[in-house]
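Understanding the architecture of this molecule
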Amino acid sequence: MSDSAAALRRDKVLGAIRSRLGQSDGRSRTAASRIAGQAPHLVPERSRRDAAGLKELFATQLRAGNATVVAVASEADLPAAVAAYLRGQNLPLAMRAGNDTWLRAIDWSREPALSIAEGPAVPDDEVGLTHAVAAVAETGTLVLASGPANPVTVTFLPETSIIVVRAADLVGPYEAAFDLIRQRYGRGTMPRTLNLVSGPSRTADVGGRLVTGAHGPRRLCVMVVG
Amino acid sequence: MDVTAHAFKSNVKAALKDMQLQRALSGLPTGLVAQRTAAKAKLPEFEALRDVGRDIKDHTLAHLDLYLEAWEKKATAAGAKVHWAPTAADAREIVAGICREANARLVTKGKSMVSEEIALNAHLEAQGLEVVETDLGEYLVQIRHETPSHIIAPAIHLTEAQIEADFRRQHTHLPKDRPLDEPVQIVSEARDILREKFIKADVGITGANFLIAETGSSIIVTNEGNGDLTQSLAKVHVVVTSIDKVVPTLEDAATLLRLLARSATGQEFSVYTTFSTGPRRPEDADGPEQYHVVVLDNGRSALLDTPFREVLRCIRCGACMNHCPVYGAVGGHAYGWVYPGPIGAVLNPALIGLDEASHLPNASTFCGRCESVCPMKIPLPGLMREWRRQEFASGAGSAVGRSALKAWSYLARRPRLYHLATRLGIATLSALGRTRGAFRSLPLAGGWTRHRDLAAPQGRTFQQLWAEHKQGVPR
Ligand code: SF4
């Protein structure tokens, strides 16, 4: 279809809205100032806690959604914790990951049996390893930003997903996580996808009965470091 | 999809006799309804959030053109191609054009009610494309050549036994004696079959729960992860959505997301909430090369200066249908068009015309449960009443029904006459029925007595009893 036809359709839709709403003064200013900065609305009390409280709430919420949560004391302990989890689940020690600087800086050679292939996921990958930019305690939700560091296919294709998050990046409500994203990307700018993940994939479409492991990962293990 | 809303009455008769459907629907009270109640109990701020949610949407609708333009500007800057569609036919053709340009053969789809509204699948299939629904419920409905009967649980009308039979009929390349009596086996089989489709697809189509003006993003909310595979593995991602989905900022979205999952499935939060902004970036390792957003009007803008503007606040959670006694008795297909339940009773007449859908706003007991659970506080019963008023004002409806309503309104506005008439009526019925206790049949009341007896009145009207009661009570 031609560009002029597209422009006509655009005018038709927006024109119809404008004529129904009327054009009073100050509308543009109101809308522009809201976009420029809207304070959080009502934020649930439950996420107003100290760091230890947030950690506890985060883990409780994730476990309620059928995820495994592992507390890891420091970066140096991560390879052993990952290997132990995979062995415990009888899974191969081969993982897929992006080129995340923080994950790369970890000394994985401490667990020689572990291997990491870098790049986007392929259908045969069994385990994906990603690094969340933030985590939301309110509902036990991880926030992943797509990009070469954490390709989105690594989060969704493998049957097992291991997501690592630093305890320092754990916040209370969603609004605080969005602020972290704004700090990183600039206000009004986003990565191609921002994925909020709160458990392994699931469905209740067969007779209303809950089954874990639909199209995305069947297992989710979250490692909280620090 | 074919519209059968005009045939609501016969649809209902068939639905009430359908034992499989009745069995499937019987799970609603202990399922979605109980889950929502539990989720609400866990969040003390839930009721207050409903007010905030309503205000966010009211504010957005009052500035709708501005937020849509702001969203478009941001989305375009991030590399999105935005398409505006005044009508369903425009939207269908735009999507078909994108597929043609991509030389597509296989299209995967995440769940989208707007795509049902524009009957997208049939249109794409007519152009020779293979279209595969990837949400499990949508897939079940697609292989049965049906339409979704619920906006968030499309296959809620099916029993496990029916689904097993459908899989055996459809997937004939698999061993005949494979076990399929557990939901987990069904889900695994679907996972394997749809995996291949995700990987081979040329175009992936999703809906959008929200658009964000601040960032130019579209949001999808799912539990299965199918939407993410749909939009990440194909080289073209098409979002099909409508003008009422935009909100100003991430903060506004956060509030609405807190309400959505709890109202829909009783989850604290859905498993996957995905914000998409533009196509893959030059440095990205994966993701679609093109990102299109088709924004549909299809009659919505015409509601902005009518009482029905409030229905544009809807976030499609499905709570109103889960709690509706009429929906619970007849299921979603009886409503005869895309949106069932109370939201459909208000929205469908606006989108397909009151002529076609006039039965729907009348299919209500006005019990008010829908309004009391709606996270956006949409006055659904009041809006159904408004449709009834408009229907009457336009002179539609049967001659008998109209004269009865006219007679009723004449009486109801004249209290003395009303009391006299009811006294006479009750006294007559009482005299006729006292010995029998109840009527098996009554002239003009066949609609009632065909299905149950009418108990004979005891002799006095409620107003008389009330007056005597008041006199008897010391002040
Ligand atoms: S009308 Fe309200 S309850 Fe019904 S789907 Fe829309 S938001 Fe949910």
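What you see is a predicted model, and the numbers here were worked out from it, not measured in a lab.

Okay, the overall build of chain B next. When you go through chain B residue by residue, the secondary structure sums to 24 helices and 12 strands. If one aligns the C-alpha atoms of chain B with their principal axes, the spans along those axes are about 85 × 60 × 45 Å. Counting over 475 residues, chain B shows a buried share of 56%. Counting only contacts in chain B whose residues sit at least 6 apart along the sequence, the fraction spanning at least 24 positions is 71%.

Of the regular secondary structure elements, chain A holds 7 helices and 12 strands. Considered along the principal axes of its C-alpha atoms, chain A spans approximately 65 × 45 × 45 Å. Buried positions account for 55% of the 226 residues belonging to chain A. In chain A, the proportion of contacts linking residues at least 24 apart, taken out of those at least 6 apart, comes to 73%. If you sum the accessible surface of chain A, you get close to 9300 Å²; carbon and sulfur atoms cover 50% of it. Within chain A, one finds 26 positive and 21 negative side-chain charges whose respective centroids are separated by 9 Å.

What follows deals with empty space enclosed by the protein. Residues and elements named next belong to chain B. The full count for this structure, using the stated rule, is 2 cavities of 30 Å³ or more. Reported here for the largest cavity is a volume of approximately 110 Å³. Contributing to the lining of the largest cavity are 17 residues, with Cys-324, Pro-342, Ser-364, Cys-370 and Met-384 lying nearest its centre. Elements that contribute at least two residues to the lining of the largest cavity include exactly α15 (325-330), α16 (341-352) and α19 (369-373). Per-element tally for the lining of the largest cavity: the top contributor is α16, with 3 residues. Counted by class, the lining of the largest cavity contains 11 nonpolar, 5 polar and 1 charged residues. Size it by volume and the second largest cavity reaches roughly 90 Å³. As for the second largest cavity, its lining consists of 13 residues, and the residues nearest its centre are Cys-314, Arg-316, Cys-317, Cys-320 and Cys-374. Considering only residue class, the lining of the second largest cavity consists of 11 nonpolar, 1 polar and 1 charged.

Taken N-terminus to C-terminus, the directions of helix α7 (residues 174-185) of chain A and helix α13 (residues 250-264) of chain B make an angle of 145 degrees; their axes are 10 Å apart at the nearest point. Here the hand of the crossing between α7(A) and α13(B) comes out right-handed. Residue-level inspection shows Tyr174(A), Glu175(A), Phe178(A), Asp179(A) and Arg182(A) of α7(A) in contact with α13(B), the latter providing Leu250(B), Glu251(B), Ala254(B) and Arg258(B). For the contact of α7(A) with α13(B), the class distribution of residues is 4 nonpolar, no polar and 5 charged.

Residue and element names in this part refer to chain B. Around the ligand sit 13 residues, and of these Cys-314, Cys-317, Gly-318, Cys-320 and Cys-374 come closest. Placement of the ligand is best described as lying within the second largest cavity. Broken down by class, the residue content of the shell around the ligand amounts to 11 nonpolar, 1 polar and 1 charged.

For chain B, the domain assignment lists domain 1 (1-42 + 323-397), domain 2 (45-301) and domain 3 (418-470). Its C-alpha centre places domain 2 of chain B at a distance of 54 Å from the equivalent point of domain 3 of chain B.

In this section: a nonpolar patch on the surface. Residues and elements named next belong to chain B. Taken together, the side chains of Tyr-410, Leu-417, Leu-420 and Leu-424 define a hydrophobic patch exposed on the protein surface, amounting to about 390 Å² of accessible area. Counting residues per element, the nonpolar patch draws most heavily on helix α22 (residues 415-433), which supplies 3 residues. With respect to the secondary-structure elements, Tyr-410 resides in helix α21 (residues 399-412).

Here we take up the confidence of the model for chain B. Confidence in the prediction for chain B averages 93 pLDDT; 99% of positions are at 70 or higher. With pTM at 0.93, the complex prediction returns an ipTM value of 0.97.

Residue and element names in this part refer to chain B. As a volume, the second largest pocket reaches approximately 1000 Å³. Phe-8, Lys-9, His-359, Asn-362 and Ala-363 are, among the 27 residues lining the second largest pocket, the residues nearest its centre. At the level of elements, α1 (8-17), α15, α18 (359-362), α20 (380-393) and α21 are the ones that each hand at least two residues to the lining of the second largest pocket. Top contributing element to the lining of the second largest pocket by residue count: α1, with 5 residues. Per-class residue counts for the lining of the second largest pocket are 9 nonpolar, 10 polar and 8 charged. Two domains share the lining of the second largest pocket, each providing at least three of its residues, namely domain 1 (1-42 + 323-397) and domain 3 (418-470).

To continue, consider the packing of aromatic side chains. Residue and element names in this part refer to chain B. What the rule picks out here adds up to 11 aromatic pairs over all chains. Ring centres of Phe-462 and Trp-466 lie 6.2 Å apart, and the angle between their planes is 15 degrees; this geometry places the pair in the stacked category. Taken together, the positions of Phe-462 and Trp-466, both in helix α24 (residues 462-472) and 4 residues apart, correspond to about one turn of that helix. A residue is classified by how much of its surface remains accessible, and Phe-462, at 60% relative accessible area, is exposed. Of the residues examined, Trp-466 reaches a relative accessible area of 43% and is grouped as partly exposed. Here the aromatic residues Phe-8, Tyr-327 and Tyr-335 are joined through ring pairs into a cluster of three or more. The side chain of Arg-385 reaches across the aromatic face of Phe-366, ending 4.8 Å from its centre. Sitting over the face of the ring of Tyr-410, Arg-414 holds its NZ or CZ atom 3.7 Å from the ring centroid.

This brings us to the domain arrangement of chain A. Along its sequence, chain A is organised into domain 1 (3-36) and domain 2 (45-225). Averaged C-alpha coordinates put domain 1 of chain A and domain 2 of chain A at centres separated by 40 Å.

In this section: the pattern of salt bridges. This structure, assessed with the given rule, holds 48 salt bridges over all chains. The structure contains a network of salt bridges with shared partners spanning Asp179(A), Arg182(A), Arg187(A), Glu214(B) and Glu251(B).

Here we come to the interface of chain B and chain A. Tallying the contact residues gives 99 residues for chain B and 74 residues for chain A. Here chain B packs against chain A, burying approximately 7500 Å² in sum over the two surfaces, 59% of which is carbon and sulfur. If you sort the residues of chain B by the area they bury against chain A, Arg191(B), Glu251(B) and Arg258(B) come out on top, with a joint share of 10%. In this structure, the connection of chain B to chain A is made through 15 salt bridges.

If you trace the backbone, Ile315(B) turns up in the loop between β10 (290-296) and α14 (319-322). On the accessibility criterion, Ile315(B) (7% relative accessible area) is buried.

Before going further, it helps to examine the sheet that holds strand β2 (residues 94-97) of chain A. Residues and elements named next belong to chain A. Taking strand neighbours across the sheet as the criterion, the 6 strands line up as β1-β12-β7-β4-β2-β3 in an open arrangement whose pairing is parallel. Edge strands, defined here as strands with exactly one partner in the open sheet, are β1 (68-72) and β3 (115-118). This sheet shows a mean twist of 25 degrees between the axes of neighbouring strands, independent of strand direction. Looking at chain direction, strand β7 (residues 160-166) and strand β12 (residues 219-225) are connected through 7 bridges and run parallel. Paired with Ile-162 across the strands is Cys-221, a residue of β12. Where helix α3 (residues 51-64) meets the sheet, it contacts β1, β7 and β12, and its direction lies at approximately 175 degrees from that of β12. Packing against the sheet, helix α4 (residues 78-88) makes contact with β1, β2, β4 (127-131), β7 and β12, and its axis sits at approximately 160 degrees to β12.

Parameters and conventions
- Residues numbered from 1 in each chain as written.
- Chains lettered and ligands numbered in written order.
- Predicted model: local features only at pLDDT ≥ 70, side-chain atom pairs only at ≥ 80, totals over all residues.
- Heavy atoms only, no water.
- Helix = DSSP H or I, 4+ residues; strand = E, 2+ residues; numbered from the N terminus.
- Buried < 20%, exposed > 50% of the residue type's maximum accessible area, 1.4 Å probe, protein only.
- Contact = heavy atoms within 4.5 Å.
- Areas by Shrake-Rupley, 256 points an atom, 1.4 Å probe, with all protein chains shown as cover.
- Lys, Arg positive; Asp, Glu negative; His and termini not counted.
- Charge placed at Lys NZ, Arg CZ, Asp CG, Glu CD.
- 1 Å grid on protein atoms, 1.4 Å probe; cavity = no way out; pocket = protein on both sides within 12 Å on 5 of 7 lines; lining within 4 Å.
- Points joined across faces, edges and corners; volume = space filled by probe spheres on them.
- Nonpolar A, V, L, I, M, F, W, Y, C, P; charged D, E, K, R; others polar.
- Axes fitted to C-alpha atoms, helices over the stretch in contact; angles between N-to-C directions.
- Left-handed = near helix turned anticlockwise from the far one by under 90°.
- Near = heavy atom within 4 Å.
- Sits in = over half its atoms within 2 Å of the grid points.
- Domains from an automatic or database assignment.
- Patch = residues over 30% accessible without salt bridge, like charges linked within 9 Å, V, L, I, M, F, W, Y side chains within 5 Å.
- Salt bridge = Lys/Arg side-chain N within 4 Å of Asp/Glu carboxyl O.
- pLDDT = per-residue confidence, 0-100.
- Phe/Tyr/Trp six-rings, centres within 6.5 Å; stacked < 30°, edge-to-face > 60°.
- Lys NZ or Arg CZ within 6 Å of the ring centre and 35° of its normal.
- Buried area = accessible area lost by both parts, 1.4 Å probe.
- Pairing = 2+ DSSP bridges.

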